[in-house]
Amino acid sequence: MRWNAFPWDEFIDTSIAFGDGPSLATETPDLEKAQYGGNHAGAGLNFVMLELTLALPEHPNIQLINRFQHRSGAFDLINNAGDASTAFVWGFKYRF
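*Asks:* How do you make sense of the packing of aromatic side chains when you look at a structure like this?
*Replies:* Aromatic ring pairs are defined here through the distance separating the ring centres and the angle between the ring planes. Throughout the structure, instances matching the rule amount to four aromatic pairs. Judged by centre distance (6.5 Å) and plane angle (25°), the rings of phenylalanine 88 and tryptophan 90 are stacked. Exposure class is identical for phenylalanine 88 and tryptophan 90. Each is exposed. Taking the centre distance of 5.1 Å and the plane angle of 80° together, the rings of tyrosine 94 and phenylalanine 96 count as edge-to-face.

*Asks:* Help me understand the pattern of salt bridges, please; the structure alone is not making it clear to me.
*Replies:* Pairing is possible between side chains of opposite charge, provided their charged atoms come close. On inspection of all chains with the given rule, the structure shows three salt bridges. Its salt-bridge partner being glutamate 51, residue lysine 93 comes within 3.2 Å of it at the nearest N-O pair. Here lysine 93, found in strand E5 (residues 85-94), pairs with glutamate 51, found in strand E3 (residues 44-55); they are 42 residues apart in sequence, far enough to count as distant. The exposure class of lysine 93 is partly exposed, given its relative accessible area of 29%. Salt bridges linked by common partners bring Arg2, Glu51, Arg67 and Lys93 together as one network.

What counts and how
- Residues numbered from 1 in each chain as written.
- Predicted model: local features only at pLDDT ≥ 70, side-chain atom pairs only at ≥ 80, totals over all residues.
- Heavy atoms only, no water.
- Phe/Tyr/Trp six-rings, centres within 6.5 Å; stacked < 30°, edge-to-face > 60°.
- Buried < 20%, exposed > 50% of the residue type's maximum accessible area, 1.4 Å probe, protein only.
- Salt bridge = Lys/Arg side-chain N within 4 Å of Asp/Glu carboxyl O.
- Helix = DSSP H or I, 4+ residues; strand = E, 2+ residues; numbered from the N terminus.

As structure tokens, this is what we get:
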């Protein structure tokens with residue numbers, strides 16, 4: 001889901017996105033194995049992300065992004081994994 005309408009969009013074009021769904025890796029990531037062990041990690045987990053994008057109104061296709069992304073077992077419901085990995089990501093995105 002993405003929300004695009006903010007009252008200050010004429011000054012800084014803003015959007016907020018939320019996503020949730022399955023995360024399937026070809027194998028359990030080494031980072032998660034090292035942190036939680038083989039019994040509490042898995043290749044298949046849940047993925048949640050929250051993203052903020054900012055752009056100048058005169059250049060709406062060039063966006064600064066800040067994203068929080070998280071893989072987990074959804075409160076131990078999947079693979080007995082409570083928390084697997086979390087990342088904060090910053091970068092630029094070009095919208096075609």
